[in-house]
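# Residue-level structural notes
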Amino acid sequence: MTLKFIKYQGTGNDFVILDAIKQPEYASLMKQQVVRHLCDRRFGIGADGLIVLAPHDQYDFRMIYYNADGRVSTMCGNGGRCVLHYYYHNIRASEEILFLAIDGPHTGIVGNEVQLKMNDVPCVDKNGADYILDTGSPHYVQFAEKINDIDVNALGRMIRHSPPFKADGINVNFVRLNDKSISVRTYERGVENETLSCGTGVVASAIASSLKRDVRPRVVLVDTPGGSLEVSFTPEGDGFTDIWLKGPAKEVFRGKIDI
């Protein structure tokens, strides 16, 4: 069978998007080995993950996200922003888009950049000087001065496979505090490698940085190897609400591939 696909990237975090609103049969075809092949950078299209845009009776669409290992995964922030951009420009342009993901409903606004409302974070845990929190996907945040000198794959893999996290895995973020921003590098489970950017990781790092600095900014600017993003939130008790991730999303190319 021949699939029509769209390749997207959001600050270097790249995705294959399949439109199951226009091609309903695509949703049932996404077996693990198929997704893994499509995401393979040598034998397939190449991507950090794959997104199926599926119809839904109560929402504008349903987002089904797969990691590059072919498994259905938890929320992907940059993927959510990319699929919002695709929906707005190819299916229906509206001031506000409401879609359903694995962690619940999300609101999106598409303009020059794409804004995605994330779910609330009710609490943040500590492991020594490090932070553990769930921003739609589980994240471990470690602060360091020289993050460019860190072997992200080696250290990230070690933390991801450590006894507390081995069963389900965890994404690992290394964060540097700058004067007016933070810099983040992320090891992603399911990709099992460093990615150029991770949306839920950027959100987790921004929230952790506010706790680390013991300040409560409304907006945190975040630099990743793939580009810059903006996170805004409101502290509430031990948690955070009204969390938004904002940044660019871009269609890279379209094509067809036989499976």
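Read on for an overview of the structure. (Residues numbered from 1 in each chain as written. Predicted model: local features only at pLDDT ≥ 70, side-chain atom pairs only at ≥ 80, totals over all residues. Heavy atoms only, no water.)

## Topic: the nonpolar core
- In this structure, F61, M63 and I207 are the most contacted members of the largest nonpolar core, which totals 47 residues.
- Per-element accounting of this core gives the leading share, six residues, to helix α5 (residues 199-213).
- For M63, the contacting residues outside a window of four places in its chain are I51, V52, M75, C76, G79, G80, V83, F99, L100, A101 and I102. (Core = buried A, V, L, I, M, F, W, Y, C linked by side-chain atoms within 4.5 Å. Buried < 20%, exposed > 50% of the residue type's maximum accessible area, 1.4 Å probe, protein only. Helix = DSSP H or I, 4+ residues; strand = E, 2+ residues; numbered from the N terminus. Contact = heavy atoms within 4.5 Å.)

## Some thoughts on the pattern of salt bridges
- According to the stated counting rule, one finds nine salt bridges in the structure shown.
- The partner of D60 in a salt bridge is R92, with the nearest N and O atoms 2.5 Å apart. Taken together, the residues D60 in the loop between β3 (49-54) and β4 (61-67) and R92 in the loop between α3 (77-90) and β5 (97-101) connect sequence positions 32 residues apart.
- Given a relative accessible area of 22%, D60 falls into the partly exposed group. (Salt bridge = Lys/Arg side-chain N within 4 Å of Asp/Glu carboxyl O.)

## A closer look at the pairing of strand β16 (residues 239-247)
- Burial runs high along β16: seven of the nine residues are buried.
- In terms of strand pairing, strand β7 (residues 114-118) meets β16 through five bridges, oriented antiparallel. Within the sheet, the bridge partner assigned to V114 lies in β16 and is G247.
- In this sheet, β16 lies alongside strand β15 (residues 227-236) in antiparallel orientation, the contact comprising six bridges. Bridged to T234 within β16 is T241. (Pairing = 2+ DSSP bridges.)

## A short note on helix α2 (residues 32-39)
- Every buried residue of α2 is listed here: V34, V35, L38 and C39. Projection of α2 onto a plane perpendicular to its axis shows the buried side chains occupying an angular sector of 125°, all on one side.
- Those residues of α2 hidden inside the fold are in contact with β1 (2-10), β2 (13-19), α1 (26-29), β3, β4 and β17 (250-258). (Arc of directions from axis to C-beta.)

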